[in-house]
Amino acid sequence: MDIKKNIESIRNDFPILSTSVNGNKLVYLDNAATSQTPNCVIDSISDYYKNLNSNIHRGVHFLSQKATEIYEETRFKFKKHLNANSTKEIIFTSGTTHSINLVANGFNNSLKAGDEIIVSSLEHHSNIVPWQMLCEKTGATMKVIPMNQEGELNLNAYEDMLSKKTKIVFVNHVSNALGTVNPIKFIIDKAHSFSAKVLIDGAQAIPHFKVDVNDLNADFYVFSAHKFCGPTGVGILYAKQSILEDFPPYQGGGEMIDEVTFEKTTYAELPNKFEPGTPNIAGVIASGIALDYINGIGLDNIKKYEDELLSYATQKLKTIKNLKIYGTSQNKTSVISFNIGDIHAYDIGSIIDNLGIAVRTGHHCAQPIMDYYKIPGTIRVSFCFYNNFDEIDKLVNALNRAVKMLS
């Protein structure tokens, strides 16, 4: 699909884009926080509760069996999309953070004092804090891959950190704060040469380009549905089957059991072993519809169009006096983080919000990045395939207006 030629039709799929804010048409540029939801996804949630509402995997009646069928068809969609080897490698969670915590818990009994784990300095807090907690429990130590002024990782330093003591490496595929695309295949290959496992936080990558977990040889790959036009409350954890089989269950309850007595409980096979309780059935099914929608447009088409938006926006923003962009890697997705002079990001964000323009201000749950640049935060604009060039012009005009008011 040629997105440029079909942009109005695409935008019509998203009802929230017709919203007005203080008499101004909404310009939504906070897609790295959450993307918006098309009618087909919204309708699928409504349809589930109107026509299919039932628990899964348990009932013999029609509704339960039908809901189970569609739920498991969704698992197959993600298996196919990621090029995983089996649906047993696809675990549904409540989000990326849940998935990371599940994996961290899996290493509780295998890490010990003297072991080392490696994180990058570009991480979201959800890919830092669970590992810090794991270190506190096990006595393992954490090392941090440094970054440079362009917002890129120092790969020479990373290679020097690796040793036989390294047990886990965890890096995001794309920085949520800067848009930097990390060379994760290189990172994975180097870690594997020391028999370390690798978790990739793909929350900011999945909406923008194709991911093949087999080609990457990732041990774990995690992301959330609400980043690619799906609902909130649904996460996808890909993990190699052999690793998941060795991991203990993360939570106990219904669905993850095989047999229960008061003397002993045995656990269900994958993927049920890690999906206790009644899941977010409607959300999971809707996530599959969102995936279908994205694939209908085509991720190659999305990447090409979003790269054009990024290039145009970068050029336009550079016309604003004293504007400084943070994260200038040549390989990045459609995210621009910036400040203007010594004006506080929050003040600018508040003014342009009154003009109907939604951006993110603050540290973006990535405080170590802001500490590196010695700033409290930035203004972040992040684009999706339903944004257009006119919205970028409106953004720049609003920023100029805000600067004039605050100077």
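In this report, the structure presented in the accompanying data block is examined. (Residues numbered from 1 in each chain as written. Predicted model: local features only at pLDDT ≥ 70, side-chain atom pairs only at ≥ 80, totals over all residues. Heavy atoms only, no water.)

Right, let's talk about the sheet that holds strand E17 (residues 378-382) for a bit. As summarised here, the arrangement of the 4 strands in space is E13-E14-E17-E16, forming an open sheet in which the pairing is antiparallel. Since the sheet does not close on itself, it has two edges, and those belong to strand E13 (323-326) and strand E16 (360-362), each with one partner. Strand-to-strand, the axes of this sheet are offset by a mean angle of 30°, without reference to chain direction. Pairing analysis gives 4 bridges linking E13 to strand E14 (residues 335-340), with the strands arranged antiparallel. (Pairing = 2+ DSSP bridges. Helix = DSSP H or I, 4+ residues; strand = E, 2+ residues; numbered from the N terminus. Axes fitted to C-alpha atoms, helices over the stretch in contact; angles between N-to-C directions.)

This part is about unusual backbone geometry. Residue Pro-271 follows Leu-270 across a cis peptide bond; omega there is 0°. Its place among the elements puts Pro-271 in the loop between strand E12 (265-267) and helix H10 (281-297). For His-57, which is not a glycine, the phi torsion comes out positive at approximately 65°. Structurally, the position occupied by His-57 is in the loop between helix H2 (39-51) and helix H3 (62-82). Residue classification places His-57 among the partly exposed residues on the basis of a relative accessible area of 30%. (Buried < 20%, exposed > 50% of the residue type's maximum accessible area, 1.4 Å probe, protein only.)

Our next topic: the pairing of strand E8 (residues 197-201). For E8, a buried count of 4 out of 5 residues is recorded, marking the element as mostly surrounded by other parts of the structure. Pairing of strand E7 (residues 166-172) with E8, which is carried by 5 bridges, proceeds in the parallel orientation. When the bridges of E8 are listed, Val-171 appears paired with Ile-200. Inspection of the sheet shows E8 paired to strand E9 (residues 220-224) by 3 bridges, in the parallel sense. Bridge pairing in E9 places Asp-201 opposite Val-222.

What follows deals with the layout of surface pockets. When its volume is computed, the largest pocket comes out at roughly 430 Å³. Surrounding the largest pocket, 20 residues form its lining, Leu-310, Ser-329, Gln-330, Asn-331 and Lys-332 being those nearest its centre. The element contributing the most residues to the lining of the largest pocket is helix H11 (residues 299-317), with 6 residues. Here the lining of the largest pocket is built from residues that sort into 5 nonpolar, 10 polar and 5 charged. Looking at the second largest pocket, its volume works out to about 190 Å³. Around the second largest pocket sit 14 residues that line it, and Thr-96, His-124, Ser-126, Ala-203 and Lys-227 are the ones nearest its centre. Of the residues belonging to the lining of the second largest pocket, the class tally is 2 nonpolar, 10 polar and 2 charged. (1 Å grid on protein atoms, 1.4 Å probe; cavity = no way out; pocket = protein on both sides within 12 Å on 5 of 7 lines; lining within 4 Å. Points joined across faces, edges and corners; volume = space filled by probe spheres on them. Nonpolar A, V, L, I, M, F, W, Y, C, P; charged D, E, K, R; others polar.)

Taken as a whole and assessed by the stated rule, the structure comprises 14 salt bridges. For Lys-112, the salt bridge identified is with Asp-115, shortest N-O distance 3.4 Å. In this structure Lys-112 comes out as partly exposed when scored by relative accessible area, which is 49%. Of the charged contacts in the structure, one is a salt bridge between Asp-393 and Lys-316, with a shortest N-O distance of 3.7 Å. A residue pair is termed long-range when its members are at least 10 positions apart, and Asp-393 in helix H14 (residues 389-406) and Lys-316 in helix H11 qualify at 77 residues. The class of Asp-393 is partly exposed, set by a relative accessible area of 24%. Its relative accessible area of 29% is what places Lys-316 among the partly exposed residues. (Salt bridge = Lys/Arg side-chain N within 4 Å of Asp/Glu carboxyl O.)

This part covers the sheet that holds strand E5 (residues 116-120). Strand order across the open sheet formed by 7 strands is E4-E10-E9-E8-E7-E5-E6, with mixed pairing between neighbours. Looking at strand neighbours, the two that pair on one side only are strand E4 (90-93) and strand E6 (141-145), the edges of this open sheet. Direction aside, the axes of adjacent strands within the sheet are offset by 20° on average. Lying on the sheet, H3 is in contact with E4, E9 and strand E10 (235-239); it crosses E4 at an angle near 120°. (Contact = heavy atoms within 4.5 Å.)

Where empty space is left becomes clear once a probe the size of a water molecule has been rolled over the atoms. Using the criterion set out here, one finds 1 cavity of 30 Å³ or more in the structure. Approximately 100 Å³ is the volume attributed to the largest cavity. Along the walls of the largest cavity sit 16 residues, with Asn-31, Pro-207, His-208, Lys-227 and Phe-383 positioned nearest its centre. Residues belonging to the lining of the largest cavity are distributed by class as follows: 9 nonpolar, 5 polar and 2 charged.

Before going further, it helps to examine the state of the cysteines. Taken as a whole and assessed by the stated rule, the structure comprises 0 disulfides. Not part of a disulfide, Cys-40 finds its nearest cysteine sulfur in Cys-229, a span of 8.6 Å. The exposure class assigned to Cys-40 is partly exposed, which follows from its relative accessible area of 32%. Its sulfur unpaired, Cys-229 is 4.7 Å from the next cysteine sulfur, which belongs to Cys-384. (Disulfide = S-S within 2.5 Å.)

Attention shifts here to H11. Compared with the 27 Å implied by 1.5 Å per residue over 19 residues, the 26 Å span of H11 between its first and last C-alpha is a close match. Where H11 is buried, its residues touch helix H1 (3-12), H3, H10, E13, E14 and H14. (Expected span 1.5 Å × (residues − 1).)

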